[in-house]
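# A look at the structure
These are the residues of each chain, in order.
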Amino acid sequence: MKKWPRRIRGAVGMGLIWAMAWFGAGLVLLLVIFVVGASGADVPFPLGFGLLGFCAGVIFSGILGIAEGRRRFDQMSLPRFGVLGGVGGLLLSGIFVLLAGLGGETLVVLGPVFALSGAGCAVGSLALARMAEDGN
C-alpha cells in the first residue's frame, strides 16, 4: 500500500512539469496573437494549455506505469518514451473531444497536435530525469 502515495505524487509531479511546458506554449500563442493584432483574444490560452498539459502528464504517467512497470530511467529508451507520450496525448485528445461534445473532425486536428506535444514532453521529461540522475 505504500506504493500508491508515491505513484500519485509522481503522477502529480509529472502533470505539473508538463503543465509548465504547455503553459509556456500558451504564452507563445498569446504573444503571437498580440503581435499580429488579432482582436478578441480574450481566451486565457496559457491557463487552458496548462490545464491540458497537467492532464496529459497525469495520463502519460499512468500509461508509463502500466507499460514500463519497474524499469529505471536508464533502462528506458527515448523513442519508446516518445511513443508512450504520443499515446497519452492522443488519448487526451479523444477524452477532450468527447467531454467537450465536439465532432470527429476536431479529433482529426487535435489528435496529431496533442500526440506530438505529448511525445515531445515525454522525451524532454526522460532527458531531464537522466540529467538529474547523472548529477547525483
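What counts, and at which threshold
- Residues numbered from 1 in each chain as written.
- Predicted model: local features only at pLDDT ≥ 70, side-chain atom pairs only at ≥ 80, totals over all residues.
- Heavy atoms only, no water.
- Helix = DSSP H or I, 4+ residues; strand = E, 2+ residues; numbered from the N terminus.
- Buried < 20%, exposed > 50% of the residue type's maximum accessible area, 1.4 Å probe, protein only.
- Contact = heavy atoms within 4.5 Å.
- Salt bridge = Lys/Arg side-chain N within 4 Å of Asp/Glu carboxyl O.
- Expected span 1.5 Å × (residues − 1).
- Polar contact = N/O pair within 3.5 Å; in protein donor to acceptor, adjacent residues only side chain to side chain.
- Core = buried A, V, L, I, M, F, W, Y, C linked by side-chain atoms within 4.5 Å.
- Disulfide = S-S within 2.5 Å.

## Details of the overall build of the chain
- Looking only at helices and strands, one finds four helices and zero strands in the chain.
- Listing the helices and strands of the chain from first to last along the sequence gives α-α-α-α.
- Taken along its principal axes, the extent of the C-alpha atoms in the chain is 50 × 35 × 30 Å.
- The buried share of the chain, taken over its 136 residues, is 32%.
- Sequence-distant contacts, at least 24 apart, represent 70% of the contacts inside the chain between residues at least 6 apart.

## Some words on the environment of I63
- Within the element layout of this structure, I63 appears in helix α2 (residues 45-68).
- As for I63 and P112, which are separated by 49 residues in sequence, their C-alpha atoms are 18 Å apart.
- With near-sequence residues (within four places) excluded, I63 lies in contact with L84, V87, G88 and L91.

## Some words on the pattern of salt bridges
- Throughout the structure, instances matching the rule amount to two salt bridges.
- As a salt-bridge pair, E68 and R71 come within 3.1 Å of each other at their nearest N and O atoms.
- In this structure, E68 engages R80 in a salt bridge whose closest nitrogen and oxygen atoms are separated by 2.3 Å. Linking E68 in helix α2 with R80 in helix α3 (residues 78-100), this pair joins segments that are twelve residues apart in sequence.
- Assessed through its relative accessible area of 6%, E68 is described here as buried.

## Focus on α3
- The first and last C-alpha atoms of α3 sit 32 Å apart over 23 residues, in line with the 33 Å expected at 1.5 Å per residue.
- Regarding α3, the residues found buried are F81, G82, L84, G85, G86, G88, G89, L92, S93 and V97.
- Lining the buried residues of α3 we find α1 (3-36), α2 and α4 (104-135).
- Looking at where α3 begins, the residue whose side-chain oxygen comes 3.3 Å from the main-chain nitrogen of R80 is S77.
- After α3 finishes, the residue G101 shows a positive phi value of roughly 70°.

## Focus: the side chain of S61
- On the secondary structure map, S61 appears in helix α2.
- Looking at S61, the relative accessible area reads 17%, which means it is buried.

## Here we look at the nonpolar core
- Among the nonpolar cores identified, the biggest contains 19 residues, and W18, W22, F60, L64, F81, L92 and F114 are the most heavily contacted of them.
- Within the residue set of this core, elements represented by two or more residues are α1, α2, α3 and α4.
- Those residues in contact with W22 that lie beyond four places of it in its chain are F49, G50, L52, G53, A56, L92, F114, S117, G118 and C121.

## Some remarks on the state of the cysteines
- Under the defined criterion, the tally for this structure stands at zero disulfides.
- C55 takes part in no disulfide bond, and the closest cysteine sulfur, belonging to C121, lies 13 Å away.
- Relative accessible area serves as the criterion here: at 29%, C55 is assigned to the partly exposed category.

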